Amino acid sequence: VVTPEFTITKTATEPDYGTPGDVINYTIVVTNTSSITETGITVTDPLTGMNYSIVSLAPGASETISTSYSVTQADIDAGSVTNTAAASYTCGGITYTETAEESVPADRRPEITITKPVNLTEISGPATLTYTITVTNSGNVSLTGVALTDILTGGGVNAETDPVELY
């Protein structure tokens, strides 16, 4: 009895990503390592939505499949995209499945920008100065628990009681 055998590998072209909408391109290679021709191999990649059928694969032959994934903000916040592809082949009522996984790290850049202009045209005596403080998430990672303190006025936002989320 000859047992069907095959391998699957998966590689990403991009070494990392950093912006929602960046595309990670994957190459999947299925190789028949048995001595029989395998027919009806199904290759799936749930993350990219790819579902591919290899009609016939001769002994020693390989099939290369390309697929891609568009990065989301959640992927950047998570720090990486881990993607698994599977190749399945049924022979004699038995299904054989092999998987390959590829993880691509996010290029995370947490950063905030603060501006504090004063609403003032001219001071000719005692005056109340009004400041408008603007905190901007100028990085590529969603931030939570940002604490803002104004040393001059003693005012501020306490991240424990008044959490601020920046997107």
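See the structure printed just above.
Small disclaimer: the values here were computed from a predicted structure and weren't measured. (Residues numbered from 1 in each chain as written. Predicted model: local features only at pLDDT ≥ 70, side-chain atom pairs only at ≥ 80, totals over all residues. Heavy atoms only, no water.)

Draft legend 1. Focus on the side chain of Asn 32. Tracing the chain through its elements places Asn 32 in strand E2 (residues 23-32). Residue Asn 32 is classed as buried on the basis of its relative accessible area, which comes to 1%. A polar atom in the side chain of Asn 32 sits 2.8 Å from the backbone oxygen of Ile 36. One polar contact links the side chain of Asn 32 to the main-chain carbonyl oxygen of Leu 57, over a distance of 2.7 Å. With residues up to four places along the chain from it excluded, the contact list for Asn 32 reads Glu 5, Phe 6, Thr 37, Glu 38, Leu 57, Ala 58, Pro 59, Gly 60 and Ala 61. (Helix = DSSP H or I, 4+ residues; strand = E, 2+ residues; numbered from the N terminus. Buried < 20%, exposed > 50% of the residue type's maximum accessible area, 1.4 Å probe, protein only. Polar contact = N/O pair within 3.5 Å; in protein donor to acceptor, adjacent residues only side chain to side chain. Contact = heavy atoms within 4.5 Å.)

Draft legend 2. Highlighting the pattern of salt bridges. The full count for this structure, using the stated rule, is two salt bridges. The salt bridge partner of Asp 45 is Lys 10, with a shortest N-O separation of 2.6 Å. On the criterion of sequence distance, the pair formed by Asp 45 in strand E3 (residues 38-45) and Lys 10 in strand E1 (residues 6-12) is long-range, its members being 35 residues apart. A relative accessible area of 0% places Asp 45 in the buried class. (Salt bridge = Lys/Arg side-chain N within 4 Å of Asp/Glu carboxyl O.)

Draft legend 3. Broad picture of the sheet that holds E2. Read from one edge of the open sheet, three strands run E1-E2-E5, paired in antiparallel fashion. Edge positions in the sheet fall to E1 and strand E5 (62-70), since each has one partner strand and no second. Here the average twist between neighbouring strands, direction ignored, is 20°. (Pairing = 2+ DSSP bridges. Axes fitted to C-alpha atoms, helices over the stretch in contact; angles between N-to-C directions.)

Draft legend 4. Quick peek at the packing of aromatic side chains. Counted by the stated rule, this structure contains zero aromatic pairs. Between the NZ or CZ atom of Lys 10 and the centre of the ring of Tyr 26, over which it lies, the distance is 4.5 Å. (Phe/Tyr/Trp six-rings, centres within 6.5 Å; stacked < 30°, edge-to-face > 60°. Lys NZ or Arg CZ within 6 Å of the ring centre and 35° of its normal.)

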